[in-house]
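Observations on chain architecture
Residue-level listing of the chains:
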Amino acid sequence: MSGPFKRRASLKKPVALGLVKSAATRRRSSVTALAPIPQVQQDVPWDLLERCFVPVLFCHASAVVISYTLSVLRIWQVTAFSLFIWFTIVMLGVVLFYHNLKISIVGKAVLITGCDSRIGSALARVLDDLGFTVFAGFQNAVDNPVADELKEESSGRLHILQLDVSSETQILAASLYATAHLPDGADGLWAVIHAASWIALGEIEWIPVEVIRKATDTNFLGATRLMQVMLPLVRRAKGRIVLVTSGLSRVASPVRGVHCALQAALEAEAVCLRQELKPRGVDVIVVAPGEYSSGSSWLTEESIREQAREMWENLMEEQRLEYGEEYFEAAVRSLEKYTKSKDADLSPALRALSDSVIRTFPLQRYTPISRQEKLQAIIASYFPRSVYDIIYS
């Protein structure tokens, strides 16, 4: 193949079916999943900037109005800039005070789904270190080296659960287990964190319907059913629901169209659920990490190759002739850059997730993303589509 995509092993070469890794592969992954997380400071504290942006605008508007009113009434000659500086200092002090308030962790329990991934297992370890009782849900908990190592390296407060969010039986069993093992004095679950994700890759025409169904079951239907079952426990504790989505919910991305749609649907559901639960004292928080900021937690080269092979085999002959093997392979290879950062810094995403759990007044949406991803999201959300296409197409 010419161009930037060098010819490698054919995508049609036989590969082990299914998304469950072999024991040897899982053992290698466990080392990555539970390796010490590098504590590198996030480039830009987007959560703090977003929290301060509106108050600063309000201070500016108030300063202009008050300065003009005092001048017209001949009460006091003061510039709008002086008032703006004074108002901003006071307002930022109040905002930072409330921003940094934290809950008491003693006697609180959290449930996390998707601990098979790097970000899920790392979050379970972080919250356990903070003192929470943690129910860590794994899609495959039996004979899973990641689960075994997490249990071995954590305190006795951490419980390993078999929890595939696409299984009604396992969700109900997890609810009963969590109820029976709540810490003393706890009324319910302080937080339910849905971090399970399964990405359907490929152009929409290529993806088999069973793959779309599996992605929908995990990313949307499973998350919805999980919230329905766990909400009585969360409501009793006046806790919070935390949904891990993706920056792709705001940025359209070819070859991941199904995933973009499901993430956008989950965020829209979170907005509605937040309004429904606000009178009952339950917060609903979205954490939308970028693909690099989250350490490429959900994409692996093995899963990309497996899905690509299955897609190619399921295409009709007319579709294969229309797209051609080179175009198909180039589209799939374009995603490989997201699998090359197994040692990427997880701290921005973990900091946002832990803040969503421990802050007394959490933000409604956290975006632990890079400057480039933030700029792309702003252009996609607020500029004409033609401008976005010119820059990023």
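Residues numbered from 1 in each chain as written. Predicted model: local features only at pLDDT ≥ 70, side-chain atom pairs only at ≥ 80, totals over all residues. Heavy atoms only, no water.

1. A word on the pairing of strand S1 (residues 109-112)
- Residues Ala109 and Leu111 of S1 are buried on one face, and the alternating residues Val110 and Ile112, pointing to the opposite face, are buried as well.
- Note that S1 and strand S2 (residues 133-138) share four bridges and pair parallel. Each residue of the ladder has a partner; that of Ile112, found in S2, is Ala136.
- Between the parallel elements S1 and S2, the chain passes through helix H4 (residues 118-130) in a crossover that is right-handed.
- Bridge count for S1 against strand S4 (residues 191-194) is three bridges, and the pairing is parallel. Looking at S4, one finds that Ile112 is bridged to Ile193. (Buried < 20%, exposed > 50% of the residue type's maximum accessible area, 1.4 Å probe, protein only. Helix = DSSP H or I, 4+ residues; strand = E, 2+ residues; numbered from the N terminus. Pairing = 2+ DSSP bridges. Right-handed = clockwise from strand over helix to strand, strands pointing away.)

2. Structural notes on the nonpolar core
- Leu127, Phe132, Val134, Ile193 and Val357 are the most contacted members of the largest nonpolar core, which totals 36 residues.
- If you list the elements that add at least two residues to this core, you get S1, H4, S2, helix H5 (145-153), S4, strand S5 (240-244), strand S6 (283-287) and helix H11 (347-358).
- Counting residues per element, this core draws most heavily on H11, at six residues.
- In contact with Val357, not counting residues within four places along its chain, are Ile103, Val110, Leu127, Phe132, Trp190, Ala191, Ile193 and Arg240.
- Listed in part, the 30 residues of the second largest apolar core include Leu161, Leu189, Val192 and Leu231. (Core = buried A, V, L, I, M, F, W, Y, C linked by side-chain atoms within 4.5 Å. Contact = heavy atoms within 4.5 Å.)

3. Observations regarding the environment of Pro362
- Looking at the element boundaries, Pro362 is found in the loop between H11 and strand S7 (365-366).
- Residues Pro362 and Lys102 lie 260 residues apart in sequence; the distance between their C-alpha atoms is 9.4 Å.
- Pro362 has contacts with Arg51, Arg240, Asp283, Ile285, Asp355 and Ser356, leaving out every residue within four places of it along the chain.

4. Considering the confidence of the model for the protein chain
- For the protein chain, per-residue confidence averages 82 on the pLDDT scale, and residues scoring 70 or more make up 83% of the total.
- The low-confidence segment residues 1-42 (pLDDT under 50) makes 89 contacts with residues lying over four places distant or belonging to another chain.
- Contacts for the low-pLDDT stretch residues 293-297, under 50 throughout, to residues beyond four places or in other chains number 23 contacts. (pLDDT = per-residue confidence, 0-100.)

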